[in-house]
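Listed below, chain by chain, are the residues.
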Amino acid sequence: WQTLRRFKMIFHEYSLIFFTVLAQTAVGGYLLVSARALVIGFDEDKINSYKVPMFALWAIMGLGFLFSITHLGSPLRAFNSFNQLGSAWLSNEVFFGAAFFAVGGLQWLLSVLNKGGAALQKILMIGAMALGCIFMYSMVNVYMINTVPTWFNIYTPLSFVMTMVVCGLLLSQLVIVSAKDSRFTVDRNIVMLAVVAVAISVVVTVGKMNLVSEVQSSIVKASELVDGLGGYLSVQVALLLVGLLIWVLPMINKSSVNPVNLTVALVLILASELIGRGLFYSLHMTVG
């Protein structure tokens, strides 16, 4: 019970934790799947074959937005978040996130209805990819606050990007495999990238915690803000590595990648990222 209470403490900002991690996962997955479609030159039939697997991606994005709404004091006033569009990163984040969801969702809907043709769908893909990148850039800048030393450093954008890369790679492979559009070389290349990405993610996590150990105000040390910080970090890294092992196991055994393996790996790695994001919010402190 004590362990559960501790986990509950770091998830006090659960709305933002789930929103940021799920949104980064969905955007990363969409960028990779769409980039592959554009490079290979998918025709309309091939694009349409992705309509069912892509539902999972948009469900993750939609779930992220539902969590973001729970963060609002009054959800009916959600449109007030657009009031400072262009001058406030939070307004930009909300606007470009909604725009990414709308344009990418429209492209997916056209594929479901088998309408619009490949040319229009590819234009929408490019538009959604650009909006997704701006969405992620805005999200990073929301947290680059110079009065919060535990956030105002290189590790904030790096950790956000690594969530997008690691989870995005895994989600994109799950979509590709579920669409029955995969082959050994594609799976192998994704797994090789995954190993590199996870290694970088671990380095970023360790570097961030080393920085946190050096940050302190006149009142408190940042490392003392979370009771049992080392234990949380151990669980975070362990889940990430176990998820990677399950992810790459079919390649090690020289067998075909299957959606079950990828789904289990995705759940474990998302759990790792959620713990890491919980620590991120729990380590909030201001100078002075």
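Refer to the structure printed above.
Scope of this entry: the structure provided in the associated data block. Along each chain, residues carry numbers from 1 onward, in the same order as the chain's sequence is written. Under the rules for a predicted model, residues below a pLDDT of 70 receive no local features and side-chain atom pairs below 80 are neither given nor counted, while totals for whole chains, interfaces and linings still include all residues. With hydrogens and water set aside, each side-chain value is computed from the structure's full complement of heavy atoms.

Observations regarding the overall build of the protein chain
Thought 1: Elements are defined by DSSP. Helices are runs of H or I of four residues or more, strands are runs of E of two residues or more, and each kind is numbered from the N terminus. The number of helices and strands found in the protein chain is ten helices and zero strands.
Thought 2: Ordering the α and β elements of the protein chain from the N terminus gives α-α-α-α-α-α-α-α-α-α.
Thought 3: Every radius of gyration here is taken over C-alpha atoms, with the globule rule written as 2.2 Å times N^0.38, N being the number of residues. Over its C-alpha trace the protein chain gives a radius of gyration of 20 Å, about what one expects of a compact globule, namely 19 Å for 288 residues.
Thought 4: When its C-alpha atoms are laid out on the principal axes, the protein chain stretches across 60 × 50 × 35 Å.
Thought 5: For the exposure calls, accessible area comes from a 1.4 Å probe over protein chains only, and a residue counts as buried if that area is under 20% of its type's maximum, exposed if over 50%, partly exposed in between. Across the 288 residues of the protein chain, 49% fall into the buried class.

Digging into the pattern of salt bridges
Thought 1: What counts as a salt bridge is simple: a side-chain nitrogen of Lys or Arg found within 4 Å of a carboxyl oxygen of Asp or Glu. Under the counting rule described, the total for this entry stands at two salt bridges.
Thought 2: With its nearest N and O atoms 2.7 Å apart, the salt bridge here joins Asp181 to Arg36. One end of the pair, Asp181, is in the loop between helix H7 (155–178) and helix H8 (184–214); the other, Arg36, is in helix H2 (residues 14–40), and 145 residues separate them in sequence.
Thought 3: A relative accessible area of 13% means that Asp181 is categorised as buried.

Describing helix H9 (residues 229–252)
Helical periodicity: at 3.6 residues per turn, an α-helix aligns residues three or four positions apart in one direction.
Thought 1: In this model, H9 (24 residues) spans 34 Å end to end at C-alpha, consistent with the 34 Å of a helix rising 1.5 Å per residue.
Thought 2: When H9 is considered as a whole, its buried residues turn out to be Leu229, Tyr232, Leu233, Gln236, Leu240, Gly243, Leu244, Trp247, Val248, Pro250 and Met251. Multiplying one less than the number of residues by 1.5 Å gives the expected span of a helix.

What about the nonpolar core?
Thought 1: Grouping buried Ala, Val, Leu, Ile, Met, Phe, Trp, Tyr and Cys residues that are joined through side-chain atoms within 4.5 Å yields what is termed a nonpolar core. Core analysis: the largest hydrophobic core is formed by 74 residues, its most contacted members being Tyr30, Met54, Phe100, Phe135, Tyr143 and Trp247.
Thought 2: The set of elements that each furnish at least two residues to this core consists of H2, helix H4 (51–70), helix H5 (89–113), helix H6 (117–142), H7, H8, H9 and helix H10 (259–282).
Thought 3: Per-element tally for this core: the top contributor is H7, with 13 residues.
Thought 4: The contact criterion used throughout is that any non-hydrogen atoms of two residues lie within 4.5 Å. When neighbours within four sequence positions are excluded, Tyr143 is seen to be in contact with Leu16, Thr20, Trp151, Thr156, Phe160, Phe280 and Tyr281.
Thought 5: Grouped together as the second largest cluster of nonpolar side chains are 13 residues, Ile10, Met209, Val226 and Leu283 included.

Some details on the packing of aromatic side chains
Thought 1: For Phe, Tyr and Trp, where Trp contributes only its six-membered ring, two rings pair if their centres lie within 6.5 Å, and the inter-plane angle classes them as stacked under 30 degrees, edge-to-face over 60, or tilted in between. Scanning the model with the defined rule gives 22 aromatic pairs in all.
Thought 2: Ring centres 5.8 Å apart and planes at 50° place the aromatic pair Phe19 and Phe65 in the tilted group. Residue Phe19 is located in helix H2, and its partner Phe65 is located in helix H4; the two are separated by 46 residues in the primary sequence. The same class applies to Phe19 and to Phe65, which are both buried.
Thought 3: With a centroid separation of 5.3 Å and an interplanar angle of 80°, the aromatic rings of Tyr143 and Trp151 are classed as edge-to-face. As far as burial versus exposure is concerned, Tyr143 and Trp151 are alike and both buried.

Overview of the packing of H2 against H7
Thought 1: Angles run from 0 to 180 degrees between N-to-C directions of axes, and those axes are lines fitted to C-alpha atoms, restricted for helices to the stretch in contact. Packing of H2 against H7 brings their axes to within 7 Å, and their N-to-C directions diverge by 55°. Between H2 and H7, the interaxial angle falls into the category oblique. Considering how the two elements wind past one another, H2 and H7 form a crossing that is right-handed. Where H2 abuts H7, its residues Val21, Gln24, Thr25, Ala26, Val27, Gly28, Gly29, Leu31, Leu32, Val33 and Arg36 lie against Phe160, Thr163, Met164, Cys167, Gly168, Leu169, Leu171, Ser172, Val175 and Ile176.
Thought 2: Think of it as three bins: nonpolar holds Ala, Val, Leu, Ile, Met, Phe, Trp, Tyr, Cys and Pro, charged holds Asp, Glu, Lys and Arg, and polar takes everything else, Gly as well. Residue composition of the contact of H2 with H7, grouped by class: 13 nonpolar, seven polar and one charged. Angles are sorted into four bins: roughly parallel if under 35 degrees, roughly antiparallel if over 145, roughly perpendicular if 65 to 115, and oblique for all others. A clockwise turn of the near helix away from the far one marks a right-handed crossing, whereas an anticlockwise turn of less than a right angle marks a left-handed crossing.

Considering H7
Thought 1: An ideal rise of 1.5 Å per residue puts 34 Å on 24 residues; H7 measures up with 34 Å between its terminal C-alpha atoms.
Thought 2: The largest bend in H7 comes to about 25°, at Gly168.
Thought 3: Burial analysis of H7 places 19 of its 24 residues in the buried class, the great majority of the element.
Thought 4: Among the residues trailing H7, Lys180 stands out with phi positive, at a value near 55°. Take the seven residues that end at a residue and the seven that start at it, fit an axis to each, and the angle between those axes is the bend at that residue.

A few points about unusual backbone geometry
Glycine aside, residues mostly have negative phi, and peptide bonds are mostly found in the trans state.
Thought 1: Within the chain, Asn114 stands out as a residue other than glycine whose phi angle is a positive 55°.
Thought 2: Position of Asn114 relative to the elements: it lies in the loop between H5 and H6.
Thought 3: At Lys180, a position not held by glycine, the phi torsion is positive, near 55°.
Thought 4: Considering the arrangement of structural elements, one finds Lys180 in the loop between H7 and H8.
Thought 5: Judged by relative accessible area, Lys180 falls into the exposed class, the value being 75%.

Looking at the environment of Val186
Thought 1: Examined against the element boundaries, Val186 turns out to sit in helix H8.
Thought 2: Between the C-alpha atom of Val186 and that of Leu57, which follows or precedes it by 129 residues, the distance is 20 Å.

Focus: the side chain of Asn261
Thought 1: Summarising the element assignment, Asn261 is placed in helix H10.
Thought 2: Asn261 gets classed as buried once you look at its relative accessible area, which sits at 19%.
Thought 3: Beyond its immediate sequence surroundings of up to four residues, Asn261 is in contact with Ile246, Leu249 and Pro250.

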